[in-house]
Amino acid sequence: MTSTTAFALIRHGQTDWNAALRIQGATDIPLNNVGRGQATDAVAPLSAFEWDFVVSSPLSRAAETADLIAADLDLAVKHRIPGLMERNYGPAEGLQAGEELEALRFPGGFHGAETESAVAERGIDALRQLAHEHPGARIIVVSHGTLIRLSLERVLERPVGSINNASLNLVHHHPAGWKLDMLNGETPPE
């Protein structure tokens, strides 16, 4: 018997740093009012499916998004999972596009930042652990754009592009692999 675990991968709602196009990374920036509204708006597409529980990154922007979604869907937030935290961008955090940021950039990353490969591995490990502990469950995972994108690109072996704030990204994990059914609220291209 095999079990398929369904994941709704939700990027947190907007923060002031998102609005200012600043790199957040592991810096704990809270949601703003737009982000709280986005979290509430995420409930409608999620309510088209049945869910068992919610987990999130421990960073406040993801945790609050998860709490708002869970309350509206009458679900429990079971865990804050450190493996779901955003990429640590090191000295690039807080910067906007410009000379200072460009001085830190090199092909595939930023000096002093966590590597894309390490982020993808961390995100996939967290999802696989959830699937192992809760086979066949339907889990809402509230995390961060870069972590979701890099994890999906690794398991799907193809680019997926940017992940929008509070959008529904629906993926299924089964013993034979991963299947992406929805990306940013739409059916993904093949």
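Bear in mind that the values here come from a model prediction, so they are computed numbers and not experimental data.

Caption draft 1: Highlighting the overall build of the chain. Each helix and strand counted, the chain has seven helices and eight strands in total. A globule of 190 residues ought to have a C-alpha radius of gyration of about 16 Å, and the chain, at 16 Å, matches this closely. For the chain, the spread of C-alpha atoms along the three principal axes comes to 55 × 35 × 30 Å. The buried share of the chain, taken over its 190 residues, is 49%. On the chain, roughly 9000 Å² of surface is accessible, and the fraction owed to carbon and sulfur atoms is 51%. Seen as two clouds, the 15 positive and the 24 negative side-chain charges of the chain have centres 2 Å apart.

Caption draft 2: Representation of the environment of glutamate 50. Note that glutamate 50 resides in the loop between α3 (43-46) and β2 (53-56). For glutamate 50, a relative accessible area of 58% puts it in the exposed group. Note: C-alpha distance between glutamate 50 and isoleucine 139 (89 residues apart in sequence) is 9.2 Å. For glutamate 50, the side chain forms a polar contact with the side chain of arginine 138, separated by 3.4 Å.

Caption draft 3: Representation of helix α7 (residues 145-156) in the model. Across its twelve residues, α7 extends 16 Å between first and last C-alpha, which sits within 8% of the 16 Å expected from 1.5 Å per residue. With nine of twelve residues buried, α7 lies mostly within the body of the structure. Turning to α7, its buried residues number three or more, namely Gly145, Thr146, Leu147, Ile148, Leu150, Ser151, Leu152, Val155 and Leu156. Residues of α7 that are buried sit in contact with β1 (5-11), α6 (116-133), β6 (138-143), β7 (168-174) and β8 (177-182). Of the residues trailing α7, glutamate 157 is marked for its positive phi of about 60°.

Caption draft 4: Summary view of the pairing of β1. Burial of β1 is extensive: seven of the seven residues sit out of reach of the surface. The alternating pattern of β1 places Thr5, Phe7, Leu9 and Arg11 on one face and Ala6, Ala8 and Ile10 on the opposite face, and all of these are buried. Both β1 and β7 contribute to a ladder of six bridges, which runs antiparallel. Residue pairing for β7: alanine 8 is matched across the bridge by leucine 170. Bridge analysis of β1 against β6 gives six bridges, and the strand direction is parallel. The residue bridging isoleucine 10 from the neighbouring strand is valine 142, located in β6.

Caption draft 5: Quick peek at the side chain of histidine 173. In this structure, histidine 173 sits in strand β7. Overall, the relative accessible area of 16% leaves histidine 173 in the buried class. Not counting residues within four places of it along the chain, the set of residues in contact with histidine 173 comprises Ser3, Thr4, Thr5, Phe7, Arg128, Ala131 and Trp178.

Caption draft 6: Spotlight on the environment of arginine 149. For arginine 149, the position within the fold is in helix α7. In this structure, arginine 149 is in contact with Glu116, Val160, Gly161, Ser162 and Ile163, ignoring residues within four places of it in sequence.

Caption draft 7: Inspection of the nonpolar core at higher detail. Phe7, Val141 and Leu152 are the most contacted members of the largest nonpolar core, which totals 28 residues. Those elements that place two or more of their residues in this core are β1, β2, α6, β6, α7 and β8. Considering each element in turn, this core owes the most residues, seven residues, to α6. By size, the runner-up hydrophobic cluster in this structure holds 20 residues, among which are Ala8, Val54, Val142 and Leu168.

Caption draft 8: The arrangement of the sheet that holds β7 in detail. Read from one edge of the open sheet, six strands run β3-β2-β6-β1-β7-β8, paired in mixed fashion. Looking at strand neighbours, the two that pair on one side only are β3 (77-80) and β8, the edges of this open sheet. Within the sheet, the average angular offset between the axes of one strand and its neighbour, ignoring direction, is 25°. One ladder, built from four bridges, connects β2 with β6; its direction is parallel. Bridged to serine 56 within β6 is valine 142. α6 contacts β1, β2, β6, β7 and β8 of the sheet and is inclined by roughly 140° relative to β1.

Reading the values: the criteria
- Residues numbered from 1 in each chain as written.
- Predicted model: local features only at pLDDT ≥ 70, side-chain atom pairs only at ≥ 80, totals over all residues.
- Heavy atoms only, no water.
- Helix = DSSP H or I, 4+ residues; strand = E, 2+ residues; numbered from the N terminus.
- Rg over C-alpha atoms; globule rule 2.2 N^0.38 Å.
- Buried < 20%, exposed > 50% of the residue type's maximum accessible area, 1.4 Å probe, protein only.
- Areas by Shrake-Rupley, 256 points an atom, 1.4 Å probe, with all protein chains shown as cover.
- Lys, Arg positive; Asp, Glu negative; His and termini not counted.
- Charge placed at Lys NZ, Arg CZ, Asp CG, Glu CD.
- Polar contact = N/O pair within 3.5 Å; in protein donor to acceptor, adjacent residues only side chain to side chain.
- Expected span 1.5 Å × (residues − 1).
- Contact = heavy atoms within 4.5 Å.
- Pairing = 2+ DSSP bridges.
- Core = buried A, V, L, I, M, F, W, Y, C linked by side-chain atoms within 4.5 Å.
- Axes fitted to C-alpha atoms, helices over the stretch in contact; angles between N-to-C directions.

None of this, on its own, says anything about what the molecule does.
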